[in-house]
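As a plain string of letters, each chain reads:
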Amino acid sequence: MGTGTYLDLLLSGLVVTLKTSLLAWIIALISGCVIGVMRTLPSRTASWIGFGYVEFFRNMPLLVQLFLWFFVLPELLPKSAGLWLKQLPNAPFWTAAIGIGFFMSARVAVQLQAGISSLPRGQKQAATALGLTTMQTYRYVLLPMAFRIILPPLTSEFLNTIKNTAVAITIGLVELTGEARSMQEFSFQVFEAFTAATVLYLIVNFIVATAMRFLERYVAIPGYIAGK
Amino acid sequence: MIEINHVNKWYGPSFQALKDCTTSVAKGEVVVVCGPSGSGKSTLIKCVNALEPIQGGDITLDGVKVNDPRTDLPKLRSRVGMVFQHFELFPHLRIVENLCLAQEKVLGRRHDDAVAKGMKLLDRVGLKDHAKKFPAELSGGQQQRVAIARALAMDPIAMLFDEPTSALDPEMISEVLDVMVDLAREGMTMMVVTHEMGFANKVADRVIFMDRGEIVEDAKKTDFFGQPRSDRAQKFLSKILQH
Amino acid sequence: MIGNFDFDVIRRALPYLFFEGMRFTLTLTALAAFGGLVFGTLIALMRLSGYRLLGRVAGIYVDFMRSLPLVLVIFWFYFLVPYIGQWLTGASRPITVGAFASSLITFIMFEAAYFSEIMRAGIQSISRGQPAAANALGLTYSQTMRYVVLPQAFRNMLPVLLTQTIVLFQDTSLVYVLSITDFLGAASKVAQRDGRLVEMYLFAAVVYFVICSAASFLVRRLQARIAIVR
Ligand SMILES: Nc1ncnc2c1ncn2[C@@H]1O[C@H](COP(=O)(O)OP(=O)(O)OP(=O)(O)O)[C@@H](O)[C@H]1O
Ligand SMILES: [Mg+2]
């Protein structure tokens, strides 16, 4: 095999990494947003559910969570559903995206909760006093500000999502680290393979970080200094 | 217009913030609420539009019972304007968007109508040129005038003010008070928490003095400044008039 | 299905799971946390030392480590450590390194990057007046750090450091990729040997969950107490 094919393999691994992490990130953002908001609601029940959710997904290693989704869940479902799950084409991909998505959602929820709580209490009161419903208050007043505030930590959580996809090699997902690893087994060019994978990760990191900095600048509010 | 009857309120299980408060504000009347820090002025005013729930008594607004679970609170609140100590403009929205948001989402006005109304009110508070700016680009006094315009854009039947000038530098206080004086002279029903006794003297009909969650004194302006009956009110007045 | 859930499999595996598996996991966590903290503090001090070159080197190391997935770093070190050992000892062939030593080195080097960022934030949170006051009393730079700044920084950062240690405890499960018998590895081996994946993985999940929940509960308590004292 020539070096060209090696690079092709690594690049296809990179594509899998990116696809998995994007889907996982979408799941993490949506459910993290719901849970994060729930934790800031005055309702005791809502904030307890939010608390339980976060504790559940934060207090188990990601690897264990992936095993639960991959090996245990199909067995606990009714037979036909379990069978269908197991025979799903691309099962490692879907499992990884969902498992990592929920794992990260707890972290997104914590960040968002902190972001919302950091807003002055008067903001919510002002919106309520104008007659906005709780939904509208979050949608138009609290969330737009909270997301701007937590954009930097969210960037690193997104980078964590990308890195965490490597854990999915344990359930057979052949992403970037997996490709490098498998090359080691049949080519002995370990050093080259790992170096190439490392460089690719660094490039992805750089691109994401740069893009997010542009986004930060794009959504920045004239005259507004965070924390003021 | 605003009826407050034997209202009791607790924060948590043990701290009573309002003790059997009874008062009222008639249509077109301007009532100033004053009292030492922590006496419950903000709490009282927030109970009027149900930003804070009450545990005893009744509050009625234009004939609608505020503390009735069947009351449509968003609708009720949209009919009462409120102005806060720290302005509470929405920092991510331009000035004109701040004025339009609730008009569109709560009253269902069309965007063009909301903008037209908003511009008219900005003109009135003298800030038409700043419509496209963001709140953080305005001075405190300007922000507070925008906040008043935002409340007026909802065509409120009454206005509540919670220390609207106490976060402002001295030279900005009068520009806000001027707007409020105009409003009072036009016959707006107003309930104003403030320590600006000049303002009270000029436009208030009645003055309420609160201390430790109680309404200690509720008197005509002339009576209040003439001879406040309670010691506590006298002490308070002499303190803030010292300077 | 739940109906034929076999508790006995778990019961029989308990000694193996805890005396082999959990002992490995806890030892690795404790040593890696200690080593990571020591190196992390050194890196943080390098970054704050004011020597441009030293700071750059430390900064690049931290950014580099934090850009890579832990799994890849585990593979890297597993592959590299024998050669580094050869180079260090001057041996003629790559030395053989046990799985434990290899993963310990990996986790220390990896965690040092994360701990150093925590320590840096902690040191920077100490007001400038403190080192100035210490200098005014005649303390040297290292005395200032040792007796004035670091103790305060450490105290402020203790909850965050402990939380990071809980993360580390969870992350040690990734040595699974080297087929090492840590707690999860042990559970997995029993699971495959007896064909009891559901029981073993659920049990492992519960154990991790209980330990981590209890630990983070204690950290929250500690945090509340520190917040009051401050
Ligand atoms: N959300 C709350 N939870 C618990 N206690 C509160 C809350 N808000 C206010 N309090 C307490 O209720 C009392 C009355 O507060 P309030 O804000 O109404 O006082 P105030 O008269 O407006 O004072 P100030 O002039 O400082 O604004 C105070 O002792 C305050 O500590
Ligand atoms: Mg107040």
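Residues numbered from 1 in each chain as written. Chains lettered and ligands numbered in written order. Predicted model: local features only at pLDDT ≥ 70, side-chain atom pairs only at ≥ 80, totals over all residues. Heavy atoms only, no water.

**Here's the deal with helix α6 (residues 170–185) of chain B**
All names here are of chain B. How we decide: Counting from the N terminus, the helices are the DSSP runs of H or I reaching at least four residues and the strands are the DSSP runs of E reaching at least two. Helix span, expected: 1.5 Å multiplied by one less than the number of residues in the helix. Buried means the residue's accessible area, taken with a 1.4 Å probe over protein chains only, is under 20% of the maximum for its type, while exposed means over 50%, and partly exposed covers the values in between. Contacts were defined at the residue level, with two residues in contact if any of their heavy atoms lie within 4.5 Å.
End to end, α6 covers 23 Å across 16 residues, agreeing with the expected 22 Å (1.5 Å per residue, within 8%). Turning to α6, its buried residues number three or more, namely Met172, Ile173, Val176, Leu177, Val179, Met180, Val181, Leu183 and Ala184. Looking at the packing, one finds that the buried side of α6 touches β3 (30–34), α4 (111–124), α5 (140–152), β7 (158–162), β8 (189–193) and α7 (197–203). Two residues or fewer after α6 comes Gly187, characterised by a positive phi angle close to 95°.

**Considering the sheet that holds strand β10 (residues 214–220) of chain B**
Residue and element names in this part refer to chain B. The following threshold applies: Note: two strands are recorded as paired if DSSP finds a minimum of 2 bridges between them. Interaxial angle, 0 to 180 degrees, is taken between N-to-C directions of lines fitted to C-alpha atoms, where a helix line uses only the stretch in contact.
If you trace the six strands from one edge of the open sheet to the other, you get β6-β7-β8-β3-β9-β10, paired in mixed fashion. Each end of this open sheet is capped by a strand with a single partner; those strands are β6 (80–83) and β10. Taken pair by pair, the neighbouring strands of this sheet meet at an average axis angle of 15°, ignoring direction. Here β6 pairs with β7 via four bridges, running parallel. Residue pairing across strands places Met82 opposite Leu160, the latter belonging to β7. Against the sheet, α5 makes contact with β6 and β7, and its axis sits at roughly 170° relative to β6, the strand it touches most. Along the sheet, helix α9 (residues 231–241) contacts β3, β9 (206–211) and β10; its crossing angle with β9, the most-contacted strand, is approximately 100°.

**What to know about the interface of chain A and chain C**
The line we're drawing: Buried area adds together the accessible area that both of two parts lose upon being put together, with accessible area traced by a 1.4 Å probe. The rule for a salt bridge is simple: a side-chain nitrogen of Lys or Arg has to be within 4 Å of a carboxyl oxygen of Asp or Glu. Throughout this entry, Asp, Glu, Lys and Arg are counted as charged residues, while Ala, Val, Leu, Ile, Met, Phe, Trp, Tyr, Cys and Pro are counted as nonpolar. The remaining residues, Gly among them, count as polar.
At the interface, 31 residues of chain A touch 30 residues of chain C. Of the roughly 3,100 Å² buried at the junction of chain A and chain C (both faces included), carbon and sulfur atoms supply 77%. Among the residues chain A hides against chain C, the three largest losses belong to A:Asn59, A:Lys163 and A:Phe194. Together they make up 18% of the total. Joining chain A to chain C, the criterion identifies one salt bridge. The salt bridge involving A:Glu55 is made with C:Arg220; its shortest N-O contact spans 3.5 Å. Classifying every residue of the side of chain A that touches chain C by side-chain character gives 20 nonpolar, six polar and five charged.

**Details of the interface of chain B and chain A**
Quick reminder of the rule: We call two N or O atoms a polar contact when they sit within 3.5 Å, provided that within protein one can donate a hydrogen and the other can accept it, with sequence-adjacent residues counted only if both atoms are side-chain atoms.
If you look at the interface, chain B gives 24 residues, while chain A gives 22 residues. Here chain B packs against chain A, burying approximately 2,000 Å² in sum over the two surfaces, 69% of which is carbon and sulfur. Here chain B and chain A share zero salt bridges between them. Inspection of the region where chain B meets chain A yields six residue pairs in polar contact (both at pLDDT 80 or more). When contributions to the side of chain B that touches chain A are tallied by element, the ones reaching two or more residues are α2 (73–78), β6 and α3 (95–105) of chain B. Here the residues of the side of chain B that touches chain A are counted per class, giving 14 nonpolar, three polar and seven charged.

**Description of unusual backbone geometry**
Residues and elements named next belong to chain B. The phi torsion at Asp20 lies on the positive side, around 50°, for a residue other than glycine. You will see that Arg212, though not glycine, has its phi angle at about 45°, which is positive. With respect to the secondary-structure elements, Arg212 resides in the loop between β9 and β10. The exposed category is assigned to Arg212, whose relative accessible area is 57%.

Nothing here speaks to function; it is all geometry.
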